[in-house]
Amino acid sequence: MSAKNSFLVFSGTSTRYLAEKICSSLGCPLGNLLVTRFSDGEFAVSYEESIRGRDVFLVQSTFPNSDNLMELLLMIDAAKRASARQIIAVIPYFGWARQDRKDKPRVSIGAKLVANLLSAAGIDRLITMDLHADQIQGFFDVPVDHLYASGVLLPYLQSLHLKDLVIASPDVGGSKRANTFAKYLGCPLVLCNKTRARANVVESMQIIGDVKDKNVIIVDDMVDTAGTITKAADIMKEAGAKSVRACASHCVMSGPASERVQDSALEEIVFTDSIPYSNRCAKVKQLSVADMIAETIRRVINNESISSQYLV
């Protein structure tokens, strides 16, 4: 069996838009998968072609709602029962990653639970991108290929040719990521120190560093309600920043996020297409990671190193 027909790519319902682009880059058709839905909300999946002895790549981000995760688990189980040789879960956005530890008594560690579910279902490998916490890779006992959106975000930022550039982190926790961008672009780093009243609500924020007459780019891994990133942008503009932009890997953008971004001091906010974005906002731009994921799949099939894909 040649390398070209030794693998198949299938997609869950919500990530089909990305799987189709991945298959276009790979030069292969998207596999035929049927999802049957019942009136009570239950659903079942079935492969409409033989996958016996094949390496099966299942593309599905696990963003809300939870049906996306359940659909992926059923796809994995069905593939295992259909005698797939290897089952590789391709999860561009790994949900529940913010629950990576016990930050207070009597809480769950959601990321570990999801890792256990995927392992119990039967995955042999995981391909994912920009986990909220790198240590989540250690929750798995199978190989994890952890990709970075910097491979598509950094070239775009360089194409803007901004002078007096400053990279900013919206919180201290994201300083490592922002510092990596700053080093690559050869520019200073600014931090924001925030305190939260509760989840998704920022109580106060201070800037650590100089943004006066600078073009600022705020770097984060995801934007959910956009409260933090828009507050940071507004404070930096008030502090004399020439312009403020933002980039993040995952476009969660829930609740009032689109309106907040539209009404904020941000000139634009750039995401990847790991999560679909339907609420149109003129300031939101999405860059595709399909080619990067397709190249990773190609290298996994050919047992080649993927480290050369990392810009930083």
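The rules behind the values
Residues numbered from 1 in each chain as written. Predicted model: local features only at pLDDT ≥ 70, side-chain atom pairs only at ≥ 80, totals over all residues. Heavy atoms only, no water. Phe/Tyr/Trp six-rings, centres within 6.5 Å; stacked < 30°, edge-to-face > 60°. Helix = DSSP H or I, 4+ residues; strand = E, 2+ residues; numbered from the N terminus. Buried < 20%, exposed > 50% of the residue type's maximum accessible area, 1.4 Å probe, protein only. Lys NZ or Arg CZ within 6 Å of the ring centre and 35° of its normal. UniProt positions renumbered as here; feature names shortened; annotations may be inferred. Salt bridge = Lys/Arg side-chain N within 4 Å of Asp/Glu carboxyl O. Contact = heavy atoms within 4.5 Å. Axes fitted to C-alpha atoms, helices over the stretch in contact; angles between N-to-C directions. Parallel < 35°, antiparallel > 145°, perpendicular 65-115°, else oblique. Left-handed = near helix turned anticlockwise from the far one by under 90°. Nonpolar A, V, L, I, M, F, W, Y, C, P; charged D, E, K, R; others polar. Core = buried A, V, L, I, M, F, W, Y, C linked by side-chain atoms within 4.5 Å. Polar contact = N/O pair within 3.5 Å; in protein donor to acceptor, adjacent residues only side chain to side chain.

1. Here's the deal with the packing of aromatic side chains
Thinking step 1. This structure, assessed with the given rule, holds 4 aromatic pairs.
Thinking step 2. On the basis of an interplanar angle of 80° and a centroid distance of 4.7 Å, the ring pair of Phe-10 and Tyr-47 is categorised as edge-to-face. Taken together, the positions of Phe-10 in strand 1 (residues 7-11) and Tyr-47 in strand 3 (residues 43-47) put the pair 37 residues apart, joining distant regions of the chain. Assigned by exposure class, Phe-10 and Tyr-47 land together as buried.
Thinking step 3. Here the basic side chain of Arg-37 rests over the ring of Phe-43, its NZ or CZ set 4.9 Å away from the ring centre.

2. A word on the UniProt feature "active site" (unreviewed entry) in the protein chain
Thinking step 1. If you check UniProt for "active site" (unreviewed entry), the listed places come out as Lys-194 in our numbering.
Thinking step 2. With respect to the helices, strands and loops of the structure, Lys-194 is situated in strand 9 (residues 189-198).
Thinking step 3. Of the residues examined, Lys-194 reaches a relative accessible area of 19% and is grouped as buried.

3. Let's talk about the pattern of salt bridges
Thinking step 1. Using the criterion set out here, one finds 13 salt bridges in the structure.
Thinking step 2. Note that Asp-273 and Lys-21 form a salt bridge whose closest N and O atoms lie 2.6 Å from each other. Of this pair, Asp-273 sits in the loop between strand 13 (269-272) and strand 14 (284-287) while Lys-21 sits in helix 1 (residues 16-26); the two residues are 252 residues apart in sequence, bridging distant segments of the chain.
Thinking step 3. Lys-21 sits in the partly exposed class, given a relative accessible area of 35%.
Thinking step 4. Between Arg-299 and Glu-295 there is a salt bridge; the shortest N-O distance is 2.8 Å.

4. Observations concerning helix 4 (residues 150-159)
Thinking step 1. Those residues of helix 4 not exposed but buried are Ser-150, Val-152, Leu-153, Leu-154, Tyr-156 and Leu-157.
Thinking step 2. The secondary structure elements touched by the buried residues of helix 4 are helix 5 (175-185), strand 11 (215-223), strand 12 (243-251), strand 13 and strand 14.
Thinking step 3. His-161 occupies a position one or two residues after helix 4 and carries a positive phi of about 50°.

5. Things to note about the packing of helix 1 against helix 8 (residues 290-301)
Thinking step 1. Where helix 1 contacts helix 8, the axes come no closer than 8 Å and their chain directions differ by 60°. By the criterion of interaxial angle, the relationship of helix 1 to helix 8 is oblique. By crossing handedness, the relation of helix 1 to helix 8 is classed as right-handed. Between helix 1 and helix 8, the residues in contact are Leu-18, Lys-21, Ile-22, Ser-25 and Leu-26 and Ala-290, Asp-291, Ile-293, Ala-294, Ile-297 and Arg-298, respectively.
Thinking step 2. Partitioning the contact of helix 1 with helix 8 into residue classes produces 7 nonpolar, 1 polar and 3 charged.

6. Regarding the pairing of strand 1
Working note: regular strand, side chains alternate between the two faces of the sheet.
Thinking step 1. With 5 of its 5 residues buried, strand 1 lies for the most part within the structure.
Thinking step 2. Alternating residues of strand 1 divide into Phe-7, Val-9 and Ser-11 and Leu-8 and Phe-10, and every residue in both groups is buried.

7. What to know about the nonpolar core
Thinking step 1. With 42 residues, the main nonpolar core has Val-9, Ile-22, Phe-57 and Ile-297 as its most contacted residues.
Thinking step 2. For this core, the element with the highest residue contribution is helix 8, accounting for 7 residues.
Thinking step 3. Apart from the residues lying within four places of it in its own chain, the contact partners of Phe-57 are Phe-7, Leu-8, Val-9, Phe-10, Ile-88, Val-90, Ile-127, Ile-297, Val-300 and Ile-301.
Thinking step 4. Grouped together as the second largest cluster of nonpolar side chains are 35 residues, Ile-51, Leu-58, Leu-69 and Ala-97 included.

8. Re the side chain of Asp-171
Thinking step 1. With respect to the element layout, Asp-171 can be found in the loop between strand 8 (165-169) and helix 5.
Thinking step 2. Assessed through its relative accessible area of 16%, Asp-171 is described here as buried.
Thinking step 3. A polar contact of 2.9 Å, which involves the side chain of Asp-171, links it to the backbone nitrogen of Gly-174.
Thinking step 4. Residues contacting Asp-171, with those up to four places away along its chain left out, are Cys-192 and Lys-194.

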